[in-house]
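# Descriptive analysis of the structure
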Amino acid sequence: MLILGIDPGSRITGYGVLDVASATPRYVASGCIRIQAEDLAQKLAQVYAGIGELIAVHGPAEFAIEQVFMSKNADSALKLGQARGTAIVCAANHGLPVSEYGPRQIKQAVTGNGSADKAQVQHMVAAILGLDGTPQADAADALAIALTHAHARRGLLTGGSFGGHRRTRRGPSWRDFRP
């Protein structure tokens, strides 16, 4: 059972694929879709095509994506929202259920701290998945999103609304994913 996690962006879209068939999520793939176009419509077409290719190659059963957060720059937030919407449409067109998680939920699920910085997220993703190196920031964020969804599927997330996933009294910990 594979989960495709997406960290959307109009210049770089991170992706992470995890196998969650067992109790311990297993790393499958991660990386970045680097957008080359200058025109917004072409950028969105490249996001769609890149995610479509990932779905075709890996055949995930579920799709998880980060929710839009408020930004100081309205133009950047708008472009991020458009890239995010494109990714969601691509997943829906491929018949995948879509789950969405807020930035604080993702950081809390992976590091235990909803205010963690990118370096902490990268470190914990590498530790949880037993990676030899630290993934690139956008890829690490996408893997963190996939891990958050894996937590939600197992009922390890607390607080907030998680689309019918059951909740437990304790929050998730990196110890839940040690081999």
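Provided above is the structure to which this section pertains.
With 20 residues, helix H2 (residues 74–93) ought to run about 28 Å at 1.5 Å a step, and its terminal C-alpha atoms sit 28 Å apart, in line with that. Considered for burial, the residues of H2 that qualify are Ala77, Leu80, Ala83, Arg84, Thr86, Ala87, Cys90 and Ala91. Those residues of H2 that are buried lie in contact with strand E1 (2–7), helix H1 (40–58), strand E4 (62–66) and strand E5 (98–101).

This brings us to H1. The first and last C-alpha atoms of H1 sit 27 Å apart over 19 residues, in line with the 27 Å expected at 1.5 Å per residue. Every buried residue of H1 is accounted for by Lys43, Leu44, Val47, Gly50, Ile51, Gly52, Leu54 and Ile55. Its buried side turned inward, H1 meets E1, strand E2 (12–19), strand E3 (26–34), E4 and H2. Gly59 sits one or two residues past H1 and shows a positive phi near 60°.

Residue placement: Ala139 occurs in helix H5 (residues 137–153). For Ala139, a relative accessible area of 3% corresponds to the buried category. Here the alpha-carbon distance between Ala139 and Ile12, two residues 127 residues apart in the chain, equals 9.6 Å.

With that settled, consider the sheet that holds E1. Across the sheet, 5 strands lie side by side as E3-E2-E1-E4-E5; this open sheet has mixed pairing. A single partner strand is all that each edge strand has here, and the edge strands are E3 and E5. The average angle at which neighbouring strand axes cross in this sheet is 20°, direction not considered. Bridge analysis of E2 against E3 gives 8 bridges, and the strand direction is antiparallel. Residue Gly14 lies in a different strand from E3, and its bridge partner there is Cys32.

Quick look at the side chain of Asp141 now. As for its placement among the helices and strands, Asp141 is situated in helix H5. Apart from residues no more than four positions distant in its own chain, Asp141 is found in contact with Asp7, Lys118 and Val121.

This brings us to the pairing of E1. Walk down a regular strand and you will see the side chains alternate between the two sheet faces. Among the 6 residues of E1, 6 are classified as buried, and the element is accordingly described as predominantly covered. Going residue by residue along E1, you find Leu2, Leu4 and Ile6 tucked away on one face and Ile3, Gly5 and Asp7 tucked away on the opposite face as well. Bridging between E1 and E2 involves 6 bridges; their strand directions are antiparallel. Bridge assignment links Ile6 to a residue of E2, and that residue is Tyr15. Hairpin connection, E1 to E2: the antiparallel pair is bridged by 4 residues.

Rules of the game
- Residues numbered from 1 in each chain as written.
- Predicted model: local features only at pLDDT ≥ 70, side-chain atom pairs only at ≥ 80, totals over all residues.
- Heavy atoms only, no water.
- Helix = DSSP H or I, 4+ residues; strand = E, 2+ residues; numbered from the N terminus.
- Expected span 1.5 Å × (residues − 1).
- Buried < 20%, exposed > 50% of the residue type's maximum accessible area, 1.4 Å probe, protein only.
- Contact = heavy atoms within 4.5 Å.
- Pairing = 2+ DSSP bridges.
- Axes fitted to C-alpha atoms, helices over the stretch in contact; angles between N-to-C directions.

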